Amino acid sequence: MTRWRTVGLSLLLGVCAGSLRAQPADALAPLGWLAGCWAEVGGEPGSQEQWLAPAGGSMLGMNRSLKAGRLAQFEFMLIRARFDGRLAFVAWPGGRNETEFVQTALSADEVVFDSGRSDFPQRVIYRRTGEGRMSGRIEGLANGQPRALDFPFVRADCR
């Protein structure tokens, strides 16, 4: 390898390593309250959302909705720290293609993610609404009209 290639490779590796070090280890700490199991209010028993506690710059989640005792829909989810300091929410509804939403707001009780896309939903919002209660919300434009769906949850046993 030539000297310049070695220097260039060293610089590139240094920048990448610096980016990894610059990523705050506790970027997901404000969302620690989301970890655990949540039952959808008014949902059929077994309809729930579950989130693993923050670890390794990520939180893994899944959602399952039942109708008449049968699986109606499911979704795999990931919240991860990005190198720019923001969080990303990545969803695989029904196990299909992923959609990434980037954090636009974050507080102790709420996180808002936006996809920057034109198809519904454009935003995903998680909000702590009280002790053992939270709300999930998706919103945006559908066929040019504002649309929103709310999903109220209560903390539940994971069994």
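Reference entry: report on the structure contained in this document. Bear in mind the structure is a predicted one, so any value in this text is a computation, not a measurement.

## Topic: the state of the cysteines
Enumeration according to the criterion identifies 1 disulfide in this entry. The disulfide that involves Cys37 links it to Cys158, with 2.0 Å between the sulfurs. Where Cys37 bonds to Cys158 through sulfur, the torsion about that S-S bond is close to 115 degrees, and the disulfide is right-handed. Of this pair, Cys37 sits in strand E1 (residues 36-40) while Cys158 sits in the segment after strand E10 (145-156); the two residues are 121 residues apart in sequence, bridging distant segments of the chain. With relative accessibility at 1%, the residue Cys37 sits in the buried group. Residue Cys158 is classed as partly exposed on the basis of its relative accessible area of 42%.

## Structural notes on the pattern of salt bridges
All told, the structure shown has 12 salt bridges when counted by the stated rule. Measuring nitrogen to oxygen at the nearest pair gives 3.3 Å for the salt bridge that ties Arg86 to Asp84. Measuring nitrogen to oxygen at the nearest pair gives 2.8 Å for the salt bridge that ties Arg117 to Asp119. One connected set of salt bridges, linked through shared partners, spans Arg80, Arg82, Asp84, Arg86 and Glu100.

## Remarks on the packing of aromatic side chains
According to the stated counting rule, one finds 6 aromatic pairs in the structure shown. Pairing Trp51 with Phe89 gives two aromatic rings, centres 6.4 Å apart and planes at 50 degrees, and the pair type is tilted. Remark: Phe89 occurs in strand E5 (residues 87-93) and Trp51 occurs in strand E2 (residues 48-51); sequence separation between them is 38 residues. Among the residues examined, Trp51 registers a relative accessible area of 2% and is labelled buried. Taking 5.4 Å as the distance between ring centres and 65 degrees as the angle between the ring planes, the aromatic pair formed by Phe74 and Phe76 counts as edge-to-face.

## Description of the sheet that holds strand E3 (residues 58-67)
Strand order in the closed barrel formed by 10 strands is E1-E2-E3-E4-E5-E6-E7-E8-E9-E10, and the pairing between neighbours is antiparallel. Averaged over all pairs of adjacent strands, the angle between strand axes in this sheet comes to 25 degrees, irrespective of strand direction. Alignment of E1 against E10, held across 4 bridges, turns out to be antiparallel. If you follow Ala39 over to E10, its bridge partner there is Val154.

Reading guide: rules and limits
- Here, residues in each chain are numbered from 1, in the same order as that chain's written sequence.
- In view of the model being predicted, local features appear only for residues whose pLDDT reaches at least 70, and side-chain atom pairs are presented and counted only at 80 or more, with totals across whole chains, interfaces and linings using the full set of residues.
- Side-chain descriptors were evaluated using all non-hydrogen atoms of the structure, hydrogens and water having been removed beforehand.
- Note on terminology: disulfide denotes any pair of cysteine sulfur atoms within 2.5 Å.
- Segments assigned H or I by DSSP are reported as helices when at least four residues long, segments assigned E as strands when at least two residues long, and all are numbered from the N terminus.
- Accessibility here uses a 1.4 Å probe with only protein chains present; expressed as a share of the type maximum, an area under 20% marks a residue as buried, one over 50% as exposed, and anything in between as partly exposed.
- Note on definitions: salt bridges are taken to be side-chain nitrogens of Lys or Arg within 4 Å of carboxyl oxygens of Asp or Glu.
- Classification of ring pairs uses Phe, Tyr and Trp, with its six-membered ring standing for Trp, and accepts pairs whose centres are within 6.5 Å; under 30 degrees between planes counts as stacked, over 60 as edge-to-face, and the remaining range as tilted.
- Two strands form a pair only when DSSP identifies at least two bridges running between them.
- Fitting a line to C-alpha atoms yields each axis, with helices limited to the stretch in contact; the angle taken between N-to-C directions then spans 0 to 180 degrees.

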